[in-house]
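Chain and residue survey
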Amino acid sequence: MDAVRHSIDQKVADQKEAERKEAERKEVERKEAERNNAEHQHDGQTNSGTPAPDQNPPQPPAQDQNVFYASCAAVRAAGKAPIRVGEPGYDHRLDRDGDGVGCE
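Okay, so let's go over this structure. (Residues numbered from 1 in each chain as written. Predicted model: local features only at pLDDT ≥ 70, side-chain atom pairs only at ≥ 80, totals over all residues. Heavy atoms only, no water.)

A separate point is the overall build of the chain. Looking only at helices and strands, the chain features 2 helices and 2 strands. When the helices and strands of the chain are listed from N to C terminus, the series reads α-α-β-β. A burial count over the chain gives 10% of its 104 residues as buried. A fraction of 15% describes how many contacts in the chain between residues 6 or more apart in sequence connect residues 24 or more apart. Here the chain has roughly 8,600 Å² of accessible surface; of this, 52% comes from carbon and sulfur atoms. (Helix = DSSP H or I, 4+ residues; strand = E, 2+ residues; numbered from the N terminus. Buried < 20%, exposed > 50% of the residue type's maximum accessible area, 1.4 Å probe, protein only. Contact = heavy atoms within 4.5 Å. Areas by Shrake-Rupley, 256 points an atom, 1.4 Å probe, with all protein chains shown as cover.)

Time to look at the nonpolar core. Tyr69, Val75, Ile83, Leu94 and Cys103 form the largest nonpolar core, which has 5 residues in total. Each residue touching Val75, except ones within four places of it in the same chain, is listed here: Tyr69, Lys80, Ala81, Ile83, Leu94 and Cys103. (Core = buried A, V, L, I, M, F, W, Y, C linked by side-chain atoms within 4.5 Å.)

Let us look at unusual backbone geometry. The omega angle of the peptide bond from Ala81 to Pro82 is -10°, so this bond is cis rather than trans. If you check the backbone angles, Cys103 has positive phi at about 55° while not being a glycine. Looking at the element boundaries, Cys103 is found in the segment after strand E2 (101-102).

Two cysteines form a disulfide when their sulfur atoms are joined by a covalent bond. Under the criterion given, the structure shown has 1 disulfide. Across the disulfide, Cys72 is cross-linked to Cys103 (sulfur-sulfur distance 2.2 Å). Taking the sign of the S-S torsion, about -85° here, the bridge from Cys72 to Cys103 comes out left-handed. Of this pair, Cys72 sits in helix H2 (residues 72-77) while Cys103 sits in the segment after E2, placing them 31 residues apart in sequence. (Disulfide = S-S within 2.5 Å.)

On to the pattern of salt bridges, then. Applying the stated criterion to the full structure yields 7 salt bridges. Arg25 is the partner of Glu29 in a salt bridge, and the nearest nitrogen-oxygen pair spans 2.4 Å. Of this pair, Glu29 and Arg25 both sit in helix H1 (residues 2-42), 4 residues apart, which is roughly one turn of that helix. For Arg25, a relative accessible area of 38% puts it in the partly exposed group. Three or more residues joined by partner-sharing salt bridges are found here, namely Glu17, Arg20 and Glu24. (Salt bridge = Lys/Arg side-chain N within 4 Å of Asp/Glu carboxyl O.)

Here we take up the side chain of Asp95. Here Asp95 is to be found in the loop between strand E1 (83-84) and E2. Arg96 provides the closest opposite charge to the buried, unpaired Asp95, separated from it by 8.0 Å. Here Asp99 takes part through its backbone nitrogen, which lies 3.2 Å from a polar atom of the side chain of Asp95. For Asp95, the side chain forms a polar contact with the main-chain nitrogen of Val101, separated by 3.4 Å. Not counting chain neighbours up to four residues away, the residues in contact with Asp95 comprise Tyr90, Gly100, Val101, Gly102 and Glu104. (Lys, Arg positive; Asp, Glu negative; His and termini not counted. Polar contact = N/O pair within 3.5 Å; in protein donor to acceptor, adjacent residues only side chain to side chain.)

This is the structure we're talking about:
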């Protein structure tokens, strides 16, 4: 009977040891993944290998932000047609079809 109990105790101990090693292996993998993620972000890369988005995109010169065009004729006269969303002077009034490009 003691031999059977010893055998069961040994199996339980072996199982616990295997579970401990598996948990340890997973922890090592997690730490390695975190380190790789940090390295990629430091290199300007994301996990997918694509460049990380620029945190400070360049801004157009301040004087261009105050541009106003009363009509598409004015946009064309300034040589800025077609004018796109985000460009100085763009206004939804200049974009008849609402696709983000005015004075097409």
